[in-house]
Amino acid sequence: MDSRIQQLIDAMTLEEKASLCSGKNYWYLESVERLGVSSIGMADGPHGLRKHIPGKENAGQSESLPAICFPTAAATANSWDRELMHEIGEALGDECRQEQVDILLGPGVNIKRSPLCGRNFEYISEDPYLTGELASAFVDGVQSKGVGTSLKHYAANNQETLRLTIDAEVDERALREIYLSGFEKVITQSKPWTVMCAYNQLNGAYCSENKKLLTDILRDEWGYDGMVVSDWGAVNDRVDGLRAGMDLEMPGSNGTNDQRIVSAIQDGSLDISFLDAAAARILSLIHKAVESRTKSRYDPVAHHALARKAAAQSAVLLKNEDNLLPLKKDAKIALIGTFTKTPRYQGNGSSLVNPTRMECAYDAFTARDMDVTYCPGYPTDSDKPDRELIEEAVRAAKKADAAVIFAGLPKEYESEGFDRIHMDMPQSHNELITAVADANSNTVVVLQNGAPVTMPWICGVKSVLEGYLAGQAG
């Protein structure tokens, strides 16, 4: 142990050490002012910084500071580009430095076990090798700016349904080869400052009090010497968690669990060495974060350009008969779908970013002086097909050289907190695509979605571009 940290441990009261092991509030760690121990801050943000305006920590997207909204992990994973992920990480690190955030909560590396998981947009991939490589590049980029990361959610957090209580039963080979492999790569290669343990149970024990997960594998096998933080509200038994290797509870329990730790040590049911080890890891993190602080400003124009580059390199051309794409600049285009003007560009839940600006496909086409006609195609407030909107779109498609339909999954279809019950797009989107494709053989579908969808119309359209949730410059 660093001698400076040991001196602090020796100087602290039992109560002070216990207080370090829970959050001061929703986003900040506790301080010990009499010993010069500062508080450090965290913020959400796998694909963009979400730092809340002071006093509005539990408010929605509009109450967070403006930040660049990059494409989500489901998109950037399809770039297969380590350098791009490193560049995005650097940009996020710069934004954290400007807004005085010490630790960015990401990346999300939970393997996508099912296409129905409502949070798949936030996780890098279905493949552990790709996940590990790209997440390592992301972590290296952020931490090169003196900002920590929090690798999450450790481990086997692969569904949102019952995520607070579900017991993920995973045999040893699948656990090692699939669900832990990405974590191991990032831990051993890039050394994230923190690891966030998941809500769920794994093979009978909550991840926040799972000794095999937090001590036997993470520390003893992989050699991790950083701090483990709970997902927000993911603590079951605080004393058992400390004994298993879970250092910091967020956002804290207003002192209730601190007193449980103190009482357990006083009655002999918890050895003080567990508390000292956790406090030392937390103090080491605080020291590293404070020592790494610098004052800097980021260029929002340059970061917006990077978000555009990331969106372009992450899109995947799924189908392109007769080389319909790229479109000819002098072609008459029918732009169809409300996503054309109000795109679905990010996920829903704790990762919501308040973008610095927004671009839409309609503006991008018109800025290039292309001959376009716009039709909404489907309602924004209903999944039910609107015959008048479809007929309007069909008339426009018949008069155009090509029809481009922007469709996919509305935000109500996928989010943190619940899983999808099917893989279908809204019927209003599907029926629109079928009708337009019947009217114009040169039909392009651009998808905006964070997870796989069925495409019952796939044989009837010439081109499909998977755009994913492409961020503010998509």
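Residues numbered from 1 in each chain as written. Predicted model: local features only at pLDDT ≥ 70, side-chain atom pairs only at ≥ 80, totals over all residues. Heavy atoms only, no water.

Asks: Honestly, the overall build of the chain in this entry has me stumped. Any pointers?
Replies: Summing up its helical and strand segments, the chain has 15 helices and 14 strands in all. On C-alpha atoms alone, the chain measures out to a radius of gyration of 24 Å, which is about the 23 Å that the 2.2 N^0.38 rule sets for 474 residues. With the principal axes as the frame, the chain shows a C-alpha extent of 80 × 45 × 35 Å. A burial count over the chain gives 59% of its 474 residues as buried. Contacts in the chain between residues far apart in sequence, at least 24 positions, make up 75% of those at least 6 positions apart. When the accessible surface of the chain is split by element, carbon and sulfur atoms take 48% of a total near 19200 Å². Of the side chains in the chain, 48 bear a positive and 67 a negative charge, and the two mean positions are spaced by 4 Å. (Helix = DSSP H or I, 4+ residues; strand = E, 2+ residues; numbered from the N terminus. Rg over C-alpha atoms; globule rule 2.2 N^0.38 Å. Buried < 20%, exposed > 50% of the residue type's maximum accessible area, 1.4 Å probe, protein only. Contact = heavy atoms within 4.5 Å. Areas by Shrake-Rupley, 256 points an atom, 1.4 Å probe, with all protein chains shown as cover. Lys, Arg positive; Asp, Glu negative; His and termini not counted. Charge placed at Lys NZ, Arg CZ, Asp CG, Glu CD.)

Asks: What should I look at first to understand the pairing of strand 13 (residues 443-448) in this one?
Replies: Each regular strand displays side chains that alternate between the two surfaces of the sheet. Within strand 13, six of the six residues are buried, which leaves the element mostly enclosed by the surrounding structure. As judged from the six bridges shared by strand 12 (residues 402-408) and strand 13, these two strands associate in the parallel manner. Looking at strand 13, one finds that V404 is bridged to V444. The parallel pair strand 12 and strand 13, bridged by helix 15 (residues 427-439), forms a crossover whose chirality is right-handed. With four bridges joining them, strand 13 and strand 14 (residues 463-466) adopt parallel strand pairing. Note that in strand 14 the partner of V445 across the bridge is V464. (Pairing = 2+ DSSP bridges. Right-handed = clockwise from strand over helix to strand, strands pointing away.)

Asks: I tried to follow the state of the cysteines on my own but got confused; where do I start?
Replies: Covalent bonding between the sulfur atoms of two cysteines defines a disulfide. Tallied over the entire structure, the rule returns zero disulfides. Take C21: it sits in no disulfide, and the sulfur closest to it among the cysteines is that of C197, at 13 Å. (Disulfide = S-S within 2.5 Å.)

Asks: Even after reading the chapter, I still don't get the packing of helix 4 (residues 82-98) against helix 5 (residues 128-143), so can you show me in this structure?
Replies: Each pair of packed helices gets described by two things: the angle between the helix axes and the distance between those axes. Their axes nearest at 6 Å, the elements helix 4 and helix 5 cross at an angle of 35 degrees. As for the relative orientation of helix 4 and helix 5, their crossing is right-handed in sense. On helix 5, the residues that touch R82, M85, H86, I88, G89, E90, L92 and G93 of helix 4 are Y129, E133, L134, A137, F138, D140, G141 and V142. Looking at the contact of helix 4 with helix 5 residue by residue, the class counts come to eight nonpolar, four polar and four charged. (Axes fitted to C-alpha atoms, helices over the stretch in contact; angles between N-to-C directions. Left-handed = near helix turned anticlockwise from the far one by under 90°. Nonpolar A, V, L, I, M, F, W, Y, C, P; charged D, E, K, R; others polar.)

Asks: I'm lost on the side chain of Q472 in this one. Help?
Replies: The residue Q472 is located in the segment after strand 14 in this model. Within polar-contact distance, the side chain of Q472 engages the side chain of T356 at 3.0 Å. The contacts of Q472, once residues within four sequence positions are left out, are A67, I68, C69, H304, Y345, P355, T356, R357, M358 and E359. (Polar contact = N/O pair within 3.5 Å; in protein donor to acceptor, adjacent residues only side chain to side chain.)

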